[in-house]
Amino acid sequence: MPRLGIEPPAGRWLPSTAVGRAVVVGLVTLSLAVPASAQQQRVDPTWLSFETAAKTVRFQLIAGLTGLNGALNFNGFRDGALTIVVPVGWQTEIDFRNHDGMLPHSAQVIAPQTPLPTQPVGPAIPRAFTFKLVEGLPSEATDIMRFAAQPAGEYLIFCGVPGHGAAGMWIRLRVSATATTPALLLTPAPGAS
Ligand SMILES: [Cu+2]
């Protein structure tokens, strides 16, 4: 299965700290000096793989990958700072793994909402959730979400363990009517470093 992008040299895929700038994985490499806090945010291109002809995409969703935010992060990102773009209608597989050695975590696709809920809510896309949404899956447990990415729109991938999502444990899913291939985008919140 083809992989997105190419291996970065020495892992130097550092996001810009410019407000609102999105870096398209596989197209742009930045080597700017950035604060240490931003260096925790790196995209591994192997997280995303897809087959264009079959319109299938697979994403490795890793809870607590780093210590960022007390490990309340997905793939080292919090508060929507990473966006997975999937063309509308593609069959989507999200392989969840809890890398956190301490806390249980879960994941579900929900609609954007303010304030963020403090516990699981109804999934915005059928079947787009892990089991044990409230209690969470223990360390190194896995689960697979399989769903059709529709309708087009903006979503959150949110940890359902009470308090986690509201504390920042969420990233973004964009089901796009215009994208032709999946992509990972860095989407830091304005003012975030
Ligand atoms: Cu969690």
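Just so we're clear, the structure is a prediction, and the values are computed from it rather than from any experiment. (Residues numbered from 1 in each chain as written. Predicted model: local features only at pLDDT ≥ 70, side-chain atom pairs only at ≥ 80, totals over all residues.)

**Remarks on the confidence of the model for the protein**
Part 1: The predicted model of the protein has a mean per-residue pLDDT of 85, with 78% of residues at 70 or higher.
Part 2: Counting interchain partners and residues more than four positions distant, the pLDDT-below-50 stretch residues 1-36 has 62 contacts. (pLDDT = per-residue confidence, 0-100. Contact = placed C-beta atoms within 7 Å.)

**Examining the pairing of strand 8 (residues 170-176)**
Where a strand is regular, its side chains alternate between the two sheet faces.
Part 1: Most of strand 8 is tucked away, with six of its seven residues classed as buried.
Part 2: Relative to strand 8, strand 3 (residues 82-87) runs parallel, the two sharing five bridges. Counted as the bridge partner of Pro-87 is Ser-176 from strand 8.
Part 3: Inspection of the sheet shows strand 7 (residues 153-158) paired to strand 8 by six bridges, in the antiparallel sense. In the sheet register, Leu-156 faces strand 8, and the bridge partner there is Arg-172. (Buried ≥ 20, exposed ≤ 12 C-beta atoms within 10 Å, placed from the backbone. Helix = DSSP H or I, 4+ residues; strand = E, 2+ residues; numbered from the N terminus. Pairing = 2+ DSSP bridges.)

**Quick word on the sheet that holds strand 2 (residues 56-63)**
Part 1: Taken together, the four strands give an open sheet; going across it, the order is 1-2-4-6, and neighbouring strands pair in mixed fashion. Both edges of this open sheet fall to strand 1 (48-51) and strand 6 (142-148), since each of them pairs with a single strand only. On average, adjacent strands in this sheet sit at an angle of 15° to one another, irrespective of strand direction. (Axes fitted to C-alpha atoms, helices over the stretch in contact; angles between N-to-C directions.)

**Thoughts on the sheet that holds strand 7**
Part 1: Pairing in this open sheet of five strands is mixed, and the strands run 5-7-8-3-9 from one edge to the other. Two strands lie at the open edges of the sheet, namely strand 5 (108-110) and strand 9 (183-186), each paired on one side alone. For this sheet, the mean inter-axis angle between neighbouring strands, taken without regard to orientation, is 30°.
Part 2: Here strand 3 runs beside strand 9; their pairing, made up of four bridges, is antiparallel. Considered in strand 9, the bridge of Val-85 is made with Ala-183.

**Quick word on unusual backbone geometry**
Part 1: The omega angle of the peptide bond from Thr-114 to Pro-115 is -5°, so this bond is cis rather than trans.
Part 2: In this structure, Pro-115 sits in the loop between strand 5 and strand 6.
Part 3: Positive phi is not limited to glycine here, since Ala-71 has a value of about 70°.
Part 4: With respect to the helices, strands and loops of the structure, Ala-71 is situated in the loop between strand 2 and strand 3.

**Thoughts on the environment of Val-57**
Part 1: Secondary-structure assignment places Val-57 in strand 2.
Part 2: The exposure class of Val-57 is buried, given the 25 C-beta atoms found within 10 Å.
Part 3: Along the sequence, Val-57 and Ile-94 sit 37 residues apart, while their C-alpha atoms lie 8.4 Å from each other.

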